[in-house]
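The lines below spell out each chain.
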Amino acid sequence: METSGAADRDGVDTSYKPLPPLYFAFAIIWILSAVSWTLNTHKYRHFQPNKLQWMLASVPWIKSLQLSLSFLFWYSCYYSNVCSIWMSFGVYIMGILFQTSAFGSFFLISHGYCITCHRITLSERRSMATMGCAFYFTLVGYKASIPYFSVLLLLNYLVVFYVIFDHVSRNLIVLRDQLSFIEDEDVQAMHDAVYTKYIMFKKFQGAMHIVAVSELAILISLDNSLETFWMRLVVREWAQFFIFMYIGWIFRCQDFAPRFSVMPTWSSKGETIVPPIYSIEMDAATFKGFTSHEWHIGVPTLLNKGSVKDSVVVVIRQPHS
C-alpha cells in the first residue's frame, strides 16, 4: 500500500534531506561488517563449542536490512514523492528486532554462555524468554507512542541491565576463584586459558556499561527537533556500530589451544568448589599400558585423518581422587 507524499520535492521538510545518503552509508558499513563476520564464523566453525557466534552474526544482518529499508523509504519519499507505508512498517519491525536480538545476545553472554558454561538451563531459558518478550512488547508500545510506555521502557531497561550486571559479576567471581585455585596449585597450563576468559568477560562488562549509559541517554533525550534529527541519528548509529562490533570482536571465533575449554564447577553442601586440575601427557604407545583409577581416560590432542598413531594423549586426574 502506498500513499502520496508531498506534491513536489519542496513539499518534504528539508531537515530530512541528509537522511537518504546517511542511511545508505550506514547500510553499506553494516552489510560489509555482516559479510566479514559471517565468513569469519564459518571459517572457524570447528572451534565453536556452541552457537553463540552464529547468533551474534545474525544481528548485523537484521541491522543491515533495517538500514536498507530506511534508505529506500526516504529516497523514494524525498526524490519520488512516494512514501510506502509497508516499507516504513518494515523499518519499524526491523528496528525492534535488532534491539531485541542484540539484548538477547547480551543475556546469553552475561549468563556465562561460551565462557563458564556451554548450556543454558531450562529455568534460565524461561527467564530469558520472558524478559525478551517483555522487552519486545515494551519497545513496540514505545515506538508506537502509546502513553506511559516510555516509563515502562525505562523500568524495563533498569531491570534488564540489573540482571545482566548481576550475572556478569557472579561469573567474574567464579573465574577469579578458578584463577586463584590454579595459582595455588601452580598449574600454569590452564592459567592462560582461564585468564583469557576473565579478560574477555571484563571487557564485556565495560562495554555493557557504555551500552547502559547510551541507551538511557537516548531514551531520556529531550531534544526532538527536526533540525538535529540527522545529527542524533549519526551519533546513535555510530555508537551502536562500534559497541556491537567491539563485543563481537571480543567473542569472535578463534583457534584457541586445546586447553581453552570450559572448566565447570561442582557444588558441595551449597558451596561452589572448583575441581582440582592435574594433567599429564604421554604418547599413544605409552598410554596402551597405562592403568590407574585415579586418572581419566586419555583424549588425543591431534587427529591425523582419523588415526591417533602419532598423537599426544592427555590424561586428566579425577576430581575426587
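Residues numbered from 1 in each chain as written. Predicted model: local features only at pLDDT ≥ 70, side-chain atom pairs only at ≥ 80, totals over all residues. Heavy atoms only, no water.

## A short note on the overall build of the protein
Part 1 of the reasoning: Assigned secondary structure in the protein consists of eight helices and seven strands.
Part 2 of the reasoning: Put simply, the protein has 321 residues, and 40% of those count as buried.
Part 3 of the reasoning: Relative to all contacts within the protein whose residues are 6 or more apart in sequence, the contacts with residues 24 or more apart total 73%.
Part 4 of the reasoning: If you sum the accessible surface of the protein, you get close to 18,300 Å²; carbon and sulfur atoms cover 63% of it. (Helix = DSSP H or I, 4+ residues; strand = E, 2+ residues; numbered from the N terminus. Buried < 20%, exposed > 50% of the residue type's maximum accessible area, 1.4 Å probe, protein only. Contact = heavy atoms within 4.5 Å. Areas by Shrake-Rupley, 256 points an atom, 1.4 Å probe, with all protein chains shown as cover.)

## Some thoughts on a nonpolar patch on the surface
Part 1 of the reasoning: Residues Val151, Leu152, Leu154, Leu155, Leu158 and Ile220 make up a contiguous nonpolar surface patch of about 520 Å² in total accessible area.
Part 2 of the reasoning: In this structure, Leu152 sits in helix H5 (residues 149-185).
Part 3 of the reasoning: Leu152 sits in the partly exposed class, given a relative accessible area of 42%. (Patch = residues over 30% accessible without salt bridge, like charges linked within 9 Å, V, L, I, M, F, W, Y side chains within 5 Å. Salt bridge = Lys/Arg side-chain N within 4 Å of Asp/Glu carboxyl O.)

## Remarks on the UniProt feature "transmembrane region" (unreviewed entry) in the protein
Part 1 of the reasoning: Taken from the UniProt record, the annotation "transmembrane region" (unreviewed entry) applies to residues 22-40, 52-74, 86-114, 148-165 and 229-251.
Part 2 of the reasoning: Within residues 52-74, the helical portion is 100% and the strand portion 0%, while the C-alpha atoms at the span's ends are 34 Å from each other.
Part 3 of the reasoning: Secondary structure within residues 229-251 divides into 96% helix and 0% strand; the distance between the first and last C-alpha atoms comes to 33 Å. (UniProt positions renumbered as here; feature names shortened; annotations may be inferred.)

## Some words on the packing of helix H1 (residues 19-43) against helix H7 (residues 229-250)
Part 1 of the reasoning: With their axes 11 Å apart at the nearest point, H1 and H7 run at an angle of 5° to one another. The angle between H1 and H7 falls in the class roughly parallel. Across the interface between the two elements, Leu19, Leu22, Tyr23, Phe26, Ile29, Trp30, Ser33 and Trp37 of H1 pack against Phe229, Trp230, Leu233, Val234, Glu237, Trp238, Gln240, Phe241, Phe244, Met245 and Gly248 of H7.
Part 2 of the reasoning: Taken together, the residues of the contact of H1 with H7 break down into 15 nonpolar, three polar and one charged. (Axes fitted to C-alpha atoms, helices over the stretch in contact; angles between N-to-C directions. Parallel < 35°, antiparallel > 145°, perpendicular 65-115°, else oblique. Nonpolar A, V, L, I, M, F, W, Y, C, P; charged D, E, K, R; others polar.)

## Points about helix H4 (residues 122-143)
Part 1 of the reasoning: The terminal C-alpha atoms of H4 lie 31 Å apart, and with 22 residues this matches the ideal 32 Å at 1.5 Å per residue to within 8%.
Part 2 of the reasoning: Along H4, the positions that sit buried rather than exposed are Met128, Met131, Phe135, Thr138, Leu139 and Gly141. Taken down its axis, H4 places every buried residue within 160° of arc, on the same side. Away from the buried face of H4 by more than 90 degrees, exposed residues Leu122, Arg125, Arg126, Thr130 and Phe137 are located.
Part 3 of the reasoning: Following H4 by one or two positions, Ser145 adopts a phi angle in the positive range, close to 60°. (Expected span 1.5 Å × (residues − 1). Arc of directions from axis to C-beta.)

## A short note on the packing of aromatic side chains
Any two aromatic rings considered together are summarised by their centre-to-centre distance and by the angle between their planes.
Part 1 of the reasoning: Within the structure shown, the criterion is met by 22 aromatic pairs.
Part 2 of the reasoning: Ring pairing ties together the aromatic residues Trp37, Phe103, Phe106, Phe135, Tyr157, Phe161, Phe165, Phe201, Phe204 and Phe244, which thus form one cluster.
Part 3 of the reasoning: Over the ring of Phe98 we find Lys63; its NZ or CZ atom is 4.7 Å from the centre of that ring. (Phe/Tyr/Trp six-rings, centres within 6.5 Å; stacked < 30°, edge-to-face > 60°. Lys NZ or Arg CZ within 6 Å of the ring centre and 35° of its normal.)

## A few points about the confidence of the model for the protein
Part 1 of the reasoning: In the predicted model, the protein carries a mean pLDDT of 75, and the fraction of residues at 70 or more is 68%.
Part 2 of the reasoning: The secondary structure element of the protein with the lowest average pLDDT is strand E1 (residues 2-4), at 41, and the one with the highest is H1, at 89.
Part 3 of the reasoning: Note on residues 256-274: pLDDT is under 50 here. Beyond four places in sequence and across chains, it has 41 contacts.
Part 4 of the reasoning: Below a pLDDT of 50 lies the segment residues 302-309, which in the model reaches six contacts outside its immediate sequence neighbourhood of four places, other chains included. (pLDDT = per-residue confidence, 0-100.)

## Some remarks on the environment of Ala25
Part 1 of the reasoning: Mapped onto the elements of the fold, Ala25 is located in helix H1.
Part 2 of the reasoning: Distance from Ala25 to Ser68, taken between C-alpha atoms, is 9.6 Å for residues 43 residues apart in sequence.

## Side note on the packing of helix H3 (residues 85-110) against H4
Part 1 of the reasoning: Two numbers describe how H3 lies on H4: the axes approach to 10 Å, and their chain directions differ by 150°. Taken together, the axes of H3 and H4 lie roughly antiparallel to each other. Taken as a pair, H3 and H4 cross one another with a handedness that is right-handed. Contact with H3, carried on its side by Tyr92, Ile93, Ile96, Leu97, Gln99, Thr100, Phe103, Phe107 and Leu108, involves Met128, Met131, Gly132, Phe135, Tyr136, Leu139, Val140 and Lys143 of H4 and no other residues of that element.
Part 2 of the reasoning: When the residues that make up the contact of H3 with H4 are grouped by side-chain class, the tally is 13 nonpolar, three polar and one charged. (Left-handed = near helix turned anticlockwise from the far one by under 90°.)

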